[in-house]
Amino acid sequence: MNVIETRQLTKTYGRKHALNQFSISVEEKKITALIGRNGAGKTTLLKLISGFDRQTSGELKVFSEKPYNNLKVSANMIFIDDNMNLPSSLNLSQLLIVANNFYDKFDLPLAERLIDYFSLPRTATHQSLSKGMKSTFNMIFGLCSRCALTIFDEPTTGMDSAVRKDFYRALLKDYIEHPRSIVLSSHLLNELIDILEEVILINKGNLIFHLPVEELKSYAIGLEGENELLEELIHSKEIIYKQHIGVKNTYLVIKNDLTKQELVKLGDSGIKVTAISPDDLCVHLTAETKGGIDDVFNQG
C-alpha cells in the first residue's frame, strides 16, 4: 500500500513553479529521504502532503485521501520543522503531557527519558531553548508521537554532530520496534544513508530520481585518466560531472550503465575507477553546470 501518491503535482506562486508535474509513490512503513538544495521545493512538497496547503494542479493522495483540511490525514500524521509554534505558557514536561493526551500512540516514558538523555531543561519553555535544543525537543516530540506518517523537515538544524548521530540511532531503533512511514528532508544525505530505504532527489521543483538506497549507491562511478583516452572509451556515456586535473587528465562522473567488459577495458587502459558517495552524486546531479564551481573560473 502507498502512503503517499502524487501525479503531475504542481504548485505555483505567481509565475514560479515550486513543484512542476511531480509524480511519486511512497510505500508505507519505510524511511524515505527527500533530498535537494535550498529552494528545491522540499518544504512545499511536505506541506502539501501534510495538508497545510493546496496544490495548484495535479493529484495528491495521503492514506488514499486528499490531505487538505482532512481530519483523517491530520489525525494520523505529524509534521516536524524548525518553525513549530508550541504554547509559550507550557514548559517542556507539560507539552509532553498534552501530546500524550492528543496522540493515541505517544510514548510519554520514552519522551521523558530522551529529554533527560539530551539534558533538556524540563521546566523551560519551547521558545526559550537554543536552536539546537529546540530541534532536539522537536525530534523527541515527533519520534514519540509514533504517527502512521511522520515527517521531519530538516530535523537536525542547529544540532551538533554527536546529537545528530544519537537522533538517527534513536529514530532507527524506534522504527524497528514500531514500523511506520517516515519522511525526512535533509542536506546531509551521507549521515542518513545507513537508516534509509529510499531516496527522492528534487531540484527546482522537478523530480530527478526516486530510488532504493542500494540502487543509489551504484548509480554512478568516477573515472580518472588521460583526456583523449577517456573521451575514446566513454564517448557514448552520460556525463554527470567533469573536472580537468592538470593539463592532460580529467575526472568524470558518469552514469553506471557499463558492462563488465567495458569495466575491464577501462581498468586495462589505466583508467582509475572510483565509487561515488550518494551525497556527492546528488550534488553533481543538481549542479547548474557539469564542472561546478570550476566553470566560473574557467570562463574568466
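Before reading on, note that the structure itself is shown above.
Below is a short write-up of the structure. The written sequence of each chain sets the order in which its residues are numbered from 1. Where local features are concerned, this predicted model is filtered to residues with pLDDT of at least 70; where side-chain atom pairs are given and counted, the filter is 80 or more; whole-chain, interface and lining totals use all residues. For side-chain calculations, the full set of non-hydrogen atoms in the structure is used, while hydrogens and water are omitted.

1. Section: empty space enclosed by the protein
Reasoning step 1: Only protein atoms enter the 1 Å grid, on which a cavity is a set of points fitting a 1.4 Å probe that cannot get out and a pocket is an open set with protein on both sides within 12 Å along at least 5 of 7 lines, lining residues being those with an atom within 4 Å of a point. Grid points are joined across faces, edges and corners, and a volume is the space filled by probe spheres set on the points. With the rule as written, the count across this model stands at 2 cavities of 30 Å³ or more.
Reasoning step 2: Looking at the largest cavity, its volume works out to about 50 Å³.
Reasoning step 3: Ile80, Asp81, Asp82, Ser135, Asn138, Met139, Phe152, Asp153, Glu154, Pro155 and Thr157 together form the lining of the largest cavity.
Reasoning step 4: Note on conventions: DSSP H or I runs of at least 4 residues are helices, E runs of at least 2 residues are strands, and numbering of each starts at the N terminus. The greatest single-element share of the lining of the largest cavity, amounting to 3 residues, is contributed by helix H5 (residues 131-145).

2. Some points on the packing of helix H3 (residues 92-102) against helix H4 (residues 108-117)
Reasoning step 1: To get an axis, a line is fitted to the C-alpha atoms, and for a helix only the part in contact is used. The angle between two axes follows their N-to-C directions and goes from 0 to 180 degrees. Where H3 meets H4, the closest approach of the two axes is 10 Å, and the angle between their N-to-C directions is 160°. It follows from the interaxial angle that H3 and H4 lie roughly antiparallel. For the element pair H3 and H4, the recorded crossing hand is right-handed. Together, Leu92, Leu96, Ile97 and Asn100 of H3 and Leu108, Ala111, Glu112 and Ile115 of H4 make up the contact between the two elements.
Reasoning step 2: Asp, Glu, Lys and Arg are counted as charged, while Ala, Val, Leu, Ile, Met, Phe, Trp, Tyr, Cys and Pro are counted as nonpolar; the rest, among them Gly, fall into the polar class. Among the residues forming the contact of H3 with H4, the class breakdown is 6 nonpolar, 1 polar and 1 charged. If an angle is under 35 degrees, it is roughly parallel; if it is over 145, roughly antiparallel; if it lies from 65 to 115, roughly perpendicular; otherwise it is oblique. Two helices that cross are described as forming a left-handed crossing if the nearer one is turned anticlockwise from the farther one by less than a right angle, and a right-handed crossing if clockwise. When checking whether two residues touch, look at their non-hydrogen atoms; a contact exists if any pair is within 4.5 Å.

3. Side note on the sheet that holds strand E5 (residues 77-80)
Reasoning step 1: We treat two strands as partners when DSSP finds at least two bridges between them. Strand order across the open sheet formed by 6 strands is E5-E6-E7-E3-E8-E9, with mixed pairing between neighbours. With partners counted over all chains shown, the strands left at the sheet margins are E5 and strand E9 (206-212), one partner each. Shown here is a sheet whose adjacent strand axes are inclined to one another by a mean of 15°, direction ignored.
Reasoning step 2: In terms of strand pairing, strand E3 (residues 31-35) meets strand E8 (residues 198-203) through 4 bridges, oriented parallel. Counterpart to Leu34 in the pairing with E8 is Ile200.
Reasoning step 3: On top of the sheet, helix H1 (residues 42-49) reaches E3, E5, strand E6 (149-153), strand E7 (181-186) and E8; it is set at about 155° to E6, its chief contact.

4. Section: the packing of H5 against helix H6 (residues 161-177)
Reasoning step 1: Between H5 and H6, the shortest axis-to-axis distance is 11 Å and the interhelical angle comes to 0°. By the angle between their directions, the pair H5 and H6 is classed as roughly parallel. On H6, the residues touching Thr136, Met139 and Leu143 of H5 are Val163, Phe167, Ala170, Leu171 and Asp174.
Reasoning step 2: When the residues that make up the contact of H5 with H6 are grouped by side-chain class, the tally is 6 nonpolar, 1 polar and 1 charged.

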